[in-house]
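Here is how the chains run, residue by residue.
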Amino acid sequence: MAHSRKYRCAVLSAVKHDYVARGMASHPRFELVVVADDPHAPQWAHERNQQFADAHSIPYIRDVERALKEFDIQVAIVSPEAERHCSLSIRAAQLGKHIVQDKPLATRRADADQLVEAIEKAGVRFLMWNRNFMPAVLHAREQVAAGAIGTPYAIHVDFYFAKDSGPPRGSRQLGYPPINWEAHQIAAHIDGADGGLGREPMGELAVEGIYPLGYICFITGSTVQRVFARSTAFFHQVHADNGVEDLASVSLEMAGGLIGSIAIGRIGLASHPSGGEIKLHVLGSLGALVISEARPEVGIYHKNQAPKESRQRRVAGENDFLLADDFALALDEKRDTVMGIRASYAIFATVESALESCRTGQAVEVR
Amino acid sequence: MPELRLIMCQLNEAQCAGVARRLRGAVVEPCADFSQFHTLSGVRDVVMLGGKAELALIERMLSGGRHVLLLANPCPTSEVIEVLSDRARSEGVQFAVVNPERYLPSRQLIRKQLGGPLGEAGLIRLHRWDSSTSPEAPGLPDPLVRDLDLTLWLAGKEPNRVFAIEQKFNEEGRYLQVHLGFPTGAMALLDYTNPLPSGESYQSLSVIAATGAAHADDHQNMQLLYRGGFPQALRTEERAGQLAALAQEFVDALREGRDLSTSSEWKTVFAVADAVERSLELGKAIALEDR
């Protein structure tokens, strides 16, 4: 018989991606009951939080601990600026709340270490929001698990977001100051192009790398041991000005001799008519798989179509629902989630090593 | 300039006929036994060779005043290219080693767009599964060397960092991944594998460029055949005019008096290939000095 317990959720800052909270709310077993943030959060953050609370007809409390204690909360949904992810998740875990957190796991290794310790000490469940339940990714995993291609020996993921991020590289006139990262990200929220919201600049690999790396781990069950990576600020002035990448490629040496790679970038709106090419290649001892992550999709074309409107629309995507469903089952059965704290930490460590490889030009062991 | 004659050696009948139908500015003459090429009259001949480069024979062709177009399938060694290029220079004829992969319509289109609407290449991704190769010879697989050439041709620059990893499958083949870094920050990721079950091969090329992207992927060119059970995927081929396009460029260049030497480009390709082998051997990234 299906479990029926409904879990009460606090949204700990909705300033970055409110799709995490909305995704959880799409599941009948999760209920958003309060939005909370620290009183010293900047005014723009308070405004966004209030807006989200109003949209869901729930209160906004400027006191995280009070909200977690007084609203009978079981789950904290954490989506503030990137550098506050860990501290909010740790505070919630210390009060015994289960955590659903936005990417990235952390901006510093020490923070990530503390978060792992807090989660494990409290014995709470943790879910890093991800895309592993996209229909095509699930299909790939099922095929591999069923032995359709034998034992996998190589896997590659192309992961390109066809999005802009302000003016193109090379557009800053002599004498003009560099673009301020945080101000740019705050302004970019209006069209969802604020992938790396926070004071500290973060490149595309650091922010979005979790998705393709998540696919690889999910499909193969293997872990990354050593990486070699290249990166550059190729497209956008804001990335060039802040010394972070908008294009990267990573070679992965994995447990069991598996070889992987990813190519990732925020490569400009003009580069794809429907949001970006995302593709998986999986090679095995008996065959190979080529998977387009966007499928199933429907082509929609019409007069006066807006330039930014996708021509190919994804359908039958239940990623949000399935992530929330997995989390509910993890809570019921006291088991790990599809991307629990250790899996998230492993991806964080892989990205950190890849960025080190970009700096040094050498392969780096993942620690 | 009188019409040239293109003598096609070590190429099959269908290939010769395909070129003959399409080629402008030269007549095509197949030569079944290319060791007998000297019995063909006319010193203005162009010889197109589709097989393994036999040094002595090509030297005789060049000495006999023939221009030679050698398909890099298989790839000759850098030493052979060097010797034959020197001989061609001294004889006042043209010698070119050409990678047929450059002449696939999709590759030609992408190359034309680079520097134009697409802008400069930032990331080149080339993926090849080859299910038809024979047991491995020492060194890098030929298709991978051709793909290195294709990558450098598309990038329009030389890499300064090379990293490679591989997995070997006893006698049955190998998987190789090559990662290139360029001084401008651009990068390339190539992989090659050959232990798949026999049948169709697969290729995928993506070029992420400054103002757009291009994807030439066999995945996009598959048609479906339904005969019960799961459907079969059938590729619609783009190779019909490949050899003719290659021959046409050579013939046009000869008629226009353009230099066709490819030795310096291949020198770079072989330097990168050497770095790939060193990276595999040492397990680390190899820095290439600016050339």
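Residues numbered from 1 in each chain as written. Chains lettered and ligands numbered in written order. Predicted model: local features only at pLDDT ≥ 70, side-chain atom pairs only at ≥ 80, totals over all residues. Heavy atoms only, no water.

**Student:** What should I look at first to understand the overall build of chain A in this one?
**Tutor:** Along chain A, the regular secondary structure elements total 12 helices and 15 strands. What you see for chain A is a C-alpha radius of gyration of 20 Å, in line with the 21 Å of a compact globule of 367 residues. Dimensions of chain A, computed from the C-alpha atoms along their principal axes, are close to 60 × 55 × 50 Å. The buried share of chain A, reckoned over its 367 residues, is 58%. Contacts in chain A between residues at least 24 apart in sequence constitute 73% of all its contacts with a sequence separation of at least 6. On chain A, roughly 14400 Å² of surface is accessible, and the fraction owed to carbon and sulfur atoms is 51%. (Helix = DSSP H or I, 4+ residues; strand = E, 2+ residues; numbered from the N terminus. Rg over C-alpha atoms; globule rule 2.2 N^0.38 Å. Buried < 20%, exposed > 50% of the residue type's maximum accessible area, 1.4 Å probe, protein only. Contact = heavy atoms within 4.5 Å. Areas by Shrake-Rupley, 256 points an atom, 1.4 Å probe, with all protein chains shown as cover.)

**Student:** Just checking my understanding: could you explain the overall build of chain B for this structure?
**Tutor:** Looking only at helices and strands, one finds seven helices and 14 strands in chain B. Here the C-alpha atoms of chain B give a radius of gyration of 20 Å, agreeing with the 19 Å that 2.2 N^0.38 yields for 291 residues. Burial analysis of chain B (291 residues in total) assigns 55% to the buried set. For chain B, the accessible surface area stands at approximately 12900 Å², while carbon and sulfur atoms represent 50% of it.

**Student:** Can you help me understand the sheet that holds strand β11 (residues 212-217) of chain B in this one?
**Tutor:** Backbone hydrogen bonds hold the strands of a sheet together, and the pairing may be parallel or antiparallel. All names here are of chain B. The mixed open sheet is built from seven strands, whose spatial order is β11-β10-β6-β9-β8-β7-β14. Strands at the two margins of the open sheet, each flanked by one partner only, are β11 and β14 (286-287). In terms of strand pairing, strand β10 (residues 202-209) meets β11 through six bridges, oriented antiparallel. Within β11, the residue paired with S204 across the bridge is D217. Sheet contacts for helix α5 (residues 142-155): β6 (121-129), β8 (174-181), β9 (187-193) and β10; angle to β6, the most-contacted strand, approximately 160°. (Pairing = 2+ DSSP bridges. Axes fitted to C-alpha atoms, helices over the stretch in contact; angles between N-to-C directions.)

**Student:** So what exactly am I meant to see when it comes to the pairing of strand β2 (residues 26-31) of chain B here?
**Tutor:** Consecutive side chains along a regular strand alternate between the two faces of the sheet. Residues and elements named next belong to chain B. Here six bridges tie strand β1 (residues 4-9) to β2, and the two strands are oriented parallel to one another. Looking at β2, one finds that I7 is bridged to E29. Remark: the β1/helix α1 (residues 13-22)/β2 crossover connection has right-handed handedness. (Right-handed = clockwise from strand over helix to strand, strands pointing away.)

**Student:** I'm lost on the packing of helix α9 (residues 210-220) of chain A against helix α12 (residues 341-360) of chain A in this one. Help?
**Tutor:** All names here are of chain A. Where α9 meets α12, the axes come as close as 10 Å, and the angle between the chain directions of the two elements is 120°. With respect to each other, α9 and α12 are oriented oblique. For the crossing formed where α9 meets α12, the hand is right-handed. From α9, I210, L213 and G214 reach across to α12, where they touch I347, T350 and V351. (Parallel < 35°, antiparallel > 145°, perpendicular 65-115°, else oblique. Left-handed = near helix turned anticlockwise from the far one by under 90°.)

**Student:** What should I look at first to understand the packing of helix α5 (residues 109-122) of chain A against α12(A) in this one?
**Tutor:** The angle between the axes and the distance between the axes are what describe a pair of packed helices. Residue and element names in this part refer to chain A. Put simply, α5 and α12 touch, their axes get as near as 10 Å, and they point 170° apart. In terms of their interaxial angle, α5 and α12 are classed as roughly antiparallel. Counted together, R109, A112, D113, L115, V116, I119 and E120 of α5 and I341, R342, Y345, F348, A349 and E352 of α12 form the full contact between these two elements. Grouping the amino acids of the contact of α5 with α12 by side-chain chemistry returns eight nonpolar, no polar and five charged. (Nonpolar A, V, L, I, M, F, W, Y, C, P; charged D, E, K, R; others polar.)

**Student:** What exactly am I supposed to notice about the interface of chain A and chain B here?
**Tutor:** Interfaces are often described in size by the accessible area the parts lose on coming together. Counting residues at the interface gives 47 residues for chain A and 42 residues for chain B. For the pair chain A and chain B, the summed buried surface comes to about 3400 Å²; carbon and sulfur atoms form 64% of the total. Applying the counting rule to chain A against chain B returns one salt bridge. Among the ionic pairs, K279(A) bridges to D217(B), the shortest N-O distance being 2.7 Å. For the side of chain A that touches chain B, the secondary-structure elements that each account for two or more residues are β7 (152-161), β8 (224-232), β9 (247-254), β10 (259-266), β11 (278-284) and β12 (288-292) of chain A. In terms of residue count, β9(A) provides more of the side of chain A that touches chain B than any other element does, seven residues in total. Taken together, the residues of the side of chain A that touches chain B sort by class into 24 nonpolar, 15 polar and eight charged. (Buried area = accessible area lost by both parts, 1.4 Å probe. Salt bridge = Lys/Arg side-chain N within 4 Å of Asp/Glu carboxyl O.)

**Student:** Which parts of the structure should I look at to understand the nonpolar core?
**Tutor:** Nonpolar side chains tend toward joint burial in soluble globular proteins. Membership of the largest hydrophobic core comes to 102 residues, with the highest contact counts inside it found for L12(A), F30(A), V75(A), I77(A), V100(A) and L105(A). Examining the composition of this core, we find that eight residues originate from one element, α12(A), more than from any other. Taken domain by domain, this core gets at least three of its residues from each of domain 1 (7-128) and domain 2 (135-317 + 341-365) of chain A. Residues contacting F30(A), with those up to four places away along its chain left out, are K6(A), Y7(A), C9(A), M24(A), A25(A), V75(A), A324(A), F327(A), A328(A) and L331(A). With 60 residues, the next largest nonpolar core counts V47(B), A164(B), A209(B) and F270(B) among its residues. (Core = buried A, V, L, I, M, F, W, Y, C linked by side-chain atoms within 4.5 Å. Domains from an automatic or database assignment.)

**Student:** What exactly am I supposed to notice about the pairing of strand β13 (residues 232-235) of chain B here?
**Tutor:** The sheet contact formed by strand β12 (residues 222-225) of chain B and β13(B) spans four bridges and is antiparallel. Note on β13(B): the bridge partner recorded for L225(B) is Q232(B).

**Student:** Quick question: what am I supposed to make of the confidence of the model for chain B here?
**Tutor:** Any segment with low pLDDT has predicted coordinates that should not be analysed in fine detail. Residues and elements named next belong to chain B. Summing up the model confidence of chain B, the mean pLDDT is 91 and the portion of residues at 70 or higher is 92%. Confidence scores differ between elements of chain B, with strand β3 (residues 46-49) showing the lowest mean pLDDT of 87 and β14 the highest of 98. Across the whole predicted complex the pTM is 0.95, and at the interface the ipTM reaches 0.94. (pLDDT = per-residue confidence, 0-100.)

**Student:** So what exactly am I meant to see when it comes to the pattern of salt bridges here?
**Tutor:** Two side chains of opposite charge can pair, provided their charged atoms sit close to one another. Residue and element names in this part refer to chain B. Under the defined criterion, the tally for this structure stands at 47 salt bridges over all chains. Note that R5 is salt-bridged to E29, the shortest N-O span being 2.9 Å. Linking R5 in strand β1 with E29 in strand β2, this pair joins segments that are 24 residues apart in sequence. Residue R5 is classed as buried on the basis of its relative accessible area, which comes to 15%. Among the ionic contacts, a cluster of salt bridges with common partners joins E101, R128, D147, E200, D218, R235, E237 and R239.

**Student:** Where do I start with the environment of V80(B) in this structure?
**Tutor:** All names here are of chain B. Mapping V80 onto the fold places it in helix α3 (residues 78-91). The class of V80 is buried, set by a relative accessible area of 18%. In the structure, V80 is positioned 17 residues away from V97 in sequence and 10 Å away in space, judged by C-alpha atoms. When sequence neighbours within four positions are dropped, the list of residues in contact with V80 reads A53 and L55.

**Student:** Which parts of the structure should I look at to understand the sheet that holds β3(B)?
**Tutor:** Residues and elements named next belong to chain B. Strand order across the open sheet formed by five strands is β2-β1-β3-β4-β5, with parallel pairing between neighbours. Looking along the sheet, the strands with just one partner apiece sit at the ends: β2 and β5 (95-98). Neighbour-to-neighbour, the strand axes of the sheet open up by a mean angle of 20°, direction not taken into account. Pairing analysis gives four bridges linking strand β4 (residues 67-71) to β5, with the strands arranged parallel. Its bridge partner lying in β5, L70 is registered against V97. Strands β3, β4 and β5 of the sheet are contacted by helix α2 (residues 55-63), whose axis makes an angle of about 150° with β4.

**Student:** Teacher, can you tell me more about α12(A) here?
**Tutor:** Three- or four-residue spacings in an α-helix give side chains the same orientation, since the helix completes a turn every 3.6 residues. Residue and element names in this part refer to chain A. Here α12 contains 20 residues, and its C-alpha end-to-end distance of 28 Å stays within 8% of the 28 Å for a straight helix at 1.5 Å per residue. Residues of α12 that are buried: I341, S344, Y345, I347, F348, A349, T350, V351, S353, A354, S357 and C358. One or two positions beyond α12, positive phi appears at G361, with a value near 75°. (Expected span 1.5 Å × (residues − 1).)

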